[in-house]
Structures are given as structure tokens and as C-alpha cells.
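Close look at the chain arrangement
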Amino acid sequence: MSLDVSPKLLAEAEQGDIREEDFVDTVRTSLPYAYDLIASLATELNDGTAEFTDNQTPPPSERERGQLLRALASDAIRGALERHFGVTLAFQNCHRVAAFRPGAQDGEMYTRFTSVRSQVLNQSPEFRDC
């Protein structure tokens, strides 16, 4: 299971829409590695002038890698985190996630980071089973 949803949040969802803040809090507590990594990338991006910040350090274990993969594979989770932190996320492999400034999707750096060429160049045998 990706998220540890509280009975209260589940009941609210069954009745209709839920507050995105409550959803993000569920993501924070359920996927702390992914949440903290994206938070740190967003902080680094907002504190600097670079077009993007990225993580190139593999997660410490498969548990944390799984959290990151679950967060980025879900459109709802990924979108909520992007809105919450005010970034656009891009993902290349089992741990290289980048935070871009909103609207970067039309820019050269985002296009380059998400290109087929960059994907191929960012491969190595140790990522085969990640």
C-alpha cells in the first residue's frame, strides 16, 4: 500500500472531496523519505538561482527507493507535492528526481533533462533492477 490513510480521511473521501493539505500530510507521514527529499530539493531551488536542483544520491535502502517510486508514479501524489512545494518535478531513474521552477516545462533545461538522450546517458548497470 502506498499511503497510510487515516479512517477520518477515508470517511471524508467517501463523502466527497478532501482538502489537499490533508492529502499532503498523509503523503508526508506515509512516504517520509520521498517527502523530505522533494522538500529539500524545493528549498535548495528556492534559495538559489539555478534553473533546477536534483538528487543523484541513491536512497539508503529499497524501502526508501520504494517510497520515491510510489510518490513519483502516482499522478495525484506527484501533483499534490508539486503544488505544495511550488515546483515542477522530473524523474529520470530510480532515484534521480529534479525540482524545476514552475513553467520550466517549456525551457531548454527541462527539455534536456527529460529527453530520450538524457535518459539513455543516465543509465548504468546498477540501475537495472532499481
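Conventions we followed
Every chain is numbered on its own, with residues counted from 1 as its sequence reads. Predicted model: local features are reported for residues with pLDDT of at least 70 only, side-chain atom pairs are reported and counted for 80 or more only, and whole-chain, interface and lining totals are derived from all residues. Hydrogen atoms and water are omitted, and side-chain values are computed over all heavy atoms in the structure. In this description a helix means any DSSP run of H or I spanning at least four residues, a strand means any run of E spanning at least two, and both kinds are numbered starting from the N terminus. Working definition: with a 1.4 Å probe on protein chains only, accessible area under 20% of the residue-type maximum means buried, over 50% means exposed, and in between means partly exposed. When checking whether two residues touch, look at their non-hydrogen atoms; a contact exists if any pair is within 4.5 Å. Using a 1.4 Å probe, the Shrake-Rupley method yields the accessible areas, and only the shown protein chains count as cover for residues. Strands were regarded as paired on the criterion that DSSP finds at least two bridges between them. Comment: axis = line fitted to C-alpha atoms, over the contacting stretch for helices; angle = value between 0 and 180 degrees taken between N-to-C directions. The rule is short: rings of Phe, Tyr and Trp, with Trp giving its six-membered ring, pair when the centres are within 6.5 Å, and they are stacked under 30 degrees, edge-to-face over 60, tilted in between. By definition here, a helix of n residues has an expected span of 1.5 Å times n minus one. Between N or O atoms, a polar contact is any pair within 3.5 Å; within protein, one atom must be a potential hydrogen donor and the other a potential acceptor, and residues adjacent in sequence are included only when both atoms are from side chains. The crossing is said to be left-handed when, going from far helix to near helix, the turn is anticlockwise and less than a right angle, and right-handed when the turn is clockwise. Residues are grouped as follows: nonpolar covers Ala, Val, Leu, Ile, Met, Phe, Trp, Tyr, Cys and Pro; charged covers Asp, Glu, Lys and Arg; every other residue, Gly included, is treated as polar. Lys and Arg are tallied as positive, Asp and Glu as negative. Neither His nor the chain termini are counted. The salt bridge definition used is simple: a Lys or Arg side-chain nitrogen within 4 Å of an Asp or Glu carboxyl oxygen.

Points about the overall build of the protein
- Each helix and strand counted, the protein has 7 helices and 3 strands in total.
- Across the protein, helices and strands are ordered from the amino to the carboxyl terminus as α-α-α-β-α-α-β-β-α-α.
- Burial statistics for the protein: of 130 residues in total, 40% are counted as buried.
- Taking as baseline every contact in the protein between residues at least 6 positions apart, the subset at least 24 positions apart corresponds to 60%.
- When the accessible area of the protein is evaluated, it comes to approximately 7800 Å², of which 50% is carbon and sulfur surface.

Points about the sheet that holds strand E3 (residues 97–100)
- In space, the 3 strands of this open sheet follow the order E1-E3-E2, with antiparallel pairing throughout. Every other strand in the sheet has two partners, leaving strand E1 (52–54) and strand E2 (88–91) as the edge strands with one partner each. Along the sheet, successive strands turn relative to each other by an average axial angle of 25 degrees, direction set aside.
- Across 4 bridges, the pairing between E2 and E3 is antiparallel. Note on E3: the bridge partner recorded for Thr-88 is Phe-100.
- The sheet contacts of helix H4 (residues 62–73) involve E2 and E3, and relative to E2 the element is tilted by about 120 degrees.

So, the packing of aromatic side chains
- Evaluated as defined, the whole model comprises 3 aromatic pairs.
- Each ring, one from Phe-100 and one from Tyr-110, has its centre 5.0 Å from the other, and the planes form 75 degrees; the classification is edge-to-face. Within this pair, whereas Phe-100 is found in strand E3, its partner Tyr-110 is found in helix H6 (residues 108–113), the two being separated by 10 residues in sequence.
- The class for Phe-100 is buried, based on a relative accessible area of 1%.
- On the accessibility criterion, Tyr-110 (15% relative accessible area) is buried.

Let's talk about helix H3 (residues 32–47)
- Compared with an ideal rise of 1.5 Å per residue, which puts 16 residues at 22 Å, H3 spans 22 Å between its outermost C-alpha atoms and is within 8% of the ideal.
- Those residues of H3 that fall on the buried side of the exposure criterion are Ala-34, Tyr-35, Leu-37, Ile-38, Ala-39, Leu-41, Ala-42 and Leu-45.
- On the buried face of H3, the contacting elements are helix H2 (20–30), E1, H4, helix H5 (75–85), E2 and E3.

Let's talk about the side chain of Thr-53
- Positionally, Thr-53 belongs in strand E1.
- Here Thr-53 falls in the buried class, since its relative accessible area comes to 5%.
- Engagement of the side chain of Thr-53 in a polar contact is seen with the backbone oxygen of Leu-41, the distance being 2.9 Å.
- Non-local contacts of Thr-53, meaning those with residues more than four positions away in its chain, are made with Leu-41, Glu-44, Leu-45, Val-97, Ala-98 and Ala-99.

Description of the packing of H3 against H5
- In contact at an axis separation of 10 Å, H3 and H5 are set at 35 degrees when each is read in the N-to-C sense. With respect to the hand of their crossing, H3 and H5 are arranged in right-handed fashion. Contacts between H3 and H5 involve Tyr-35, Ile-38, Ala-39, Ala-42 and Asn-46 on the former and, on the latter, Leu-81, His-84 and Phe-85.
- Among the residues making up the contact of H3 with H5, the classes are represented as 6 nonpolar, 2 polar and no charged.

Focus on the side chain of Glu-64
- In this fold, Glu-64 is placed in helix H4.
- Buried charge Glu-64 goes without a salt bridge, the closest partner of opposite sign being Arg-63 at 5.6 Å.
- If we skip the residues at most four places from it in the chain, Glu-64 touches Tyr-33 and Pro-59.

Nothing here speaks to function; it is geometry throughout.
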